[in-house]
Amino acid sequence: PAGATIAVVYSRTDATRADWDKLTNPTIPPPAPKKTVSGPMNLLGAEATKYVFPDGTGSINLAAGYRTQAPSAATPVFIKGPEGQTVVINNTFVVSTPDSQAVQQVARNREMMKRLGGNLPPPSDNMFVAPFSDPQQALKDLNPQLSRLSQSQGGPALHLDRIISYEDVDSPIPGGKAGFISVASTRELNGVTTNYRAAQTLQMSMPGPGTWVLVVTGFNGPEASFDEDAPVMAAMLNSLVTNDEVMQQRLQLMNRQTMQQIHDRGEAAAAALKASYELF
């Protein structure tokens, strides 16, 4: 509706004036029937609703049957579909490299407990460990760890079957890496296996030594209906509208809260160390 129609007319330099007149003044044909434009709202259907994030950071349109309780567009957003579909925006994972101090300290602690004859606890499900490689390899490295975390929370086992397609994309963060990936996977829960497909953008960045961040945005769903569901889920992603001013304020507040939590944990650790020393 807000577009334009452009006509380009050209001919040979030796064309006659009569030929040129035919080109520039053609007989106008009767108008063709108007076609319905398949815009985002058309894809979402007449029963689509607008979800406004409670903190005022923006809004997103939801197709019928899709629900979310996301408090903010500044934090990871999860949208659940009626048949196991999921739309994810900025799902963030903090990953330690194998040579990081945190991973080495865990290894030293486990070795000390082993020497003392104590029972070794299982590896932490909340600590992801993988080298800073590329999006494809990162997905392969992290999938078994994500599967363990899912199962520890009563969810299904996650199996990455194959990468259907992959394309590098420009990273918005200097020194980062990003790619658009399509994968096939299976989920197994209570002996029932379901085939899934996913289309996701993976963004990797390394803010400091020993730690990197993976941000995932995309959608997934059962393979049986994925081709039908994908355009609807993509339309929901594309309907996201953010209030940049409120987003900035929200992110600044979250940053201050995070720094305060780090400070408080540091003081608590120092107090515990002092008490342990005095007791000794």
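Residues numbered from 1 in each chain as written. Predicted model: local features only at pLDDT ≥ 70, side-chain atom pairs only at ≥ 80, totals over all residues. Heavy atoms only, no water.

### Things to note about the nonpolar core
At step 1: Core analysis: the biggest nonpolar cluster contains 25 residues, and Phe-219 and Met-236 have the highest contact counts within it.
At step 2: Mapped onto this core, the elements with two or more residues apiece are strand 2 (58-62), strand 3 (77-80), strand 4 (86-96) and helix 5 (223-238).
At step 3: The biggest single contributor to this core is helix 5, with 7 residues.
At step 4: Every residue in contact with Phe-219, bar those within four places of it in the chain, is listed here: Thr-86, Val-87, Arg-197, Ala-198, Ala-199, Gln-200, Phe-226, Ala-230, Met-233, Ala-234 and Leu-237.
At step 5: Formed by 16 residues, the second largest nonpolar core is a distinct cluster that contains Ala-138, Leu-142, Leu-149 and Ala-198. (Core = buried A, V, L, I, M, F, W, Y, C linked by side-chain atoms within 4.5 Å. Buried < 20%, exposed > 50% of the residue type's maximum accessible area, 1.4 Å probe, protein only. Helix = DSSP H or I, 4+ residues; strand = E, 2+ residues; numbered from the N terminus. Contact = heavy atoms within 4.5 Å.)

### Notes on the sheet that holds strand 2
Two pairing modes exist for strands in a sheet, parallel and antiparallel, and in both the strands are linked by backbone hydrogen bonds.
At step 1: With antiparallel pairing, the 3 strands of this open sheet are ordered in space as 1-2-10. Edge strands, defined here as strands with exactly one partner in the open sheet, are strand 1 (49-52) and strand 10 (241-242).
At step 2: Looking at chain direction, strand 1 and strand 2 are connected through 4 bridges and run antiparallel. Note that in strand 2 the partner of Lys-50 across the bridge is Asn-61. (Pairing = 2+ DSSP bridges.)

### Digging into the pairing of strand 4
At step 1: Within strand 4, 8 of the 11 residues are buried, which leaves it mostly tucked inside the rest of the structure.
At step 2: As judged from the 9 bridges shared by strand 4 and strand 9 (residues 211-222), these two strands associate in the antiparallel manner. If you follow Thr-92 over to strand 9, its bridge partner there is Val-215.
At step 3: Of the pairings in the sheet, the one linking strand 4 to strand 5 (residues 128-129) comprises 2 bridges and is parallel in character.

### Overview of a nonpolar patch on the surface
At step 1: Together, Ile-6, Val-8 and Tyr-10 make up a nonpolar patch on the protein surface, roughly 440 Å² of accessible area in all.
At step 2: As for its position among the elements, Ile-6 is in the segment before helix 1 (17-24). (Patch = residues over 30% accessible without salt bridge, like charges linked within 9 Å, V, L, I, M, F, W, Y side chains within 5 Å. Areas by Shrake-Rupley, 256 points an atom, 1.4 Å probe, with all protein chains shown as cover. Salt bridge = Lys/Arg side-chain N within 4 Å of Asp/Glu carboxyl O.)

### Side note on the pattern of salt bridges
At step 1: Evaluation of the coordinates by the stated rule reveals 4 salt bridges.
At step 2: Here Asp-14 makes a salt bridge to Arg-12, at a shortest N to O gap of 3.1 Å.
At step 3: Owing to a relative accessible area of 53%, Asp-14 belongs among the exposed residues under this scheme.
At step 4: For Arg-12, a relative accessible area of 65% corresponds to the exposed category.
At step 5: Note that Arg-197 and Asp-227 form a salt bridge whose closest N and O atoms lie 3.2 Å from each other. Of this pair, Arg-197 sits in strand 8 (residues 192-208) while Asp-227 is found in helix 5, placing the two residues 30 residues apart along the sequence.

### Things to note about the layout of surface pockets
At step 1: By volume, the largest pocket amounts to about 790 Å³.
At step 2: If you trace the largest pocket, you find 28 residues lining it, with Leu-146, Leu-158, Arg-187, Gln-200 and Asn-220 closest to the centre.
At step 3: Looking at the lining of the largest pocket element by element, the count peaks at 6 residues for helix 4 (residues 135-152).
At step 4: Of the residues in the lining of the largest pocket, the class split is 15 nonpolar, 10 polar and 3 charged.
At step 5: Computed from the structure, the second largest pocket encloses a volume of approximately 440 Å³.
At step 6: Forming the boundary of the second largest pocket are Ala-74, Thr-75, Pro-76, Asn-90, Thr-92, Val-94, Val-213, Val-215, Leu-251 and Met-254.
At step 7: At the level of secondary structure, the elements contributing two or more residues to the lining of the second largest pocket comprise strand 4, strand 9 and helix 6 (244-279).
At step 8: Ranked by the residues each element gives to the lining of the second largest pocket, the list is headed by strand 4, at 3 residues. (1 Å grid on protein atoms, 1.4 Å probe; cavity = no way out; pocket = protein on both sides within 12 Å on 5 of 7 lines; lining within 4 Å. Points joined across faces, edges and corners; volume = space filled by probe spheres on them. Nonpolar A, V, L, I, M, F, W, Y, C, P; charged D, E, K, R; others polar.)

### Remarks on the pairing of strand 9
At step 1: In terms of burial, strand 9 is largely enclosed, as 10 of its 12 residues are buried.
At step 2: When strand 8 meets strand 9, the two strands line up antiparallel, connected through 11 bridges. Residue pairing in the sheet places Gly-208 in a bridge with Thr-211 of strand 9.
At step 3: Linking strand 8 to strand 9, which pair antiparallel, is a turn of 2 residues; within it Gly-210 sits at a positive phi near 85°.

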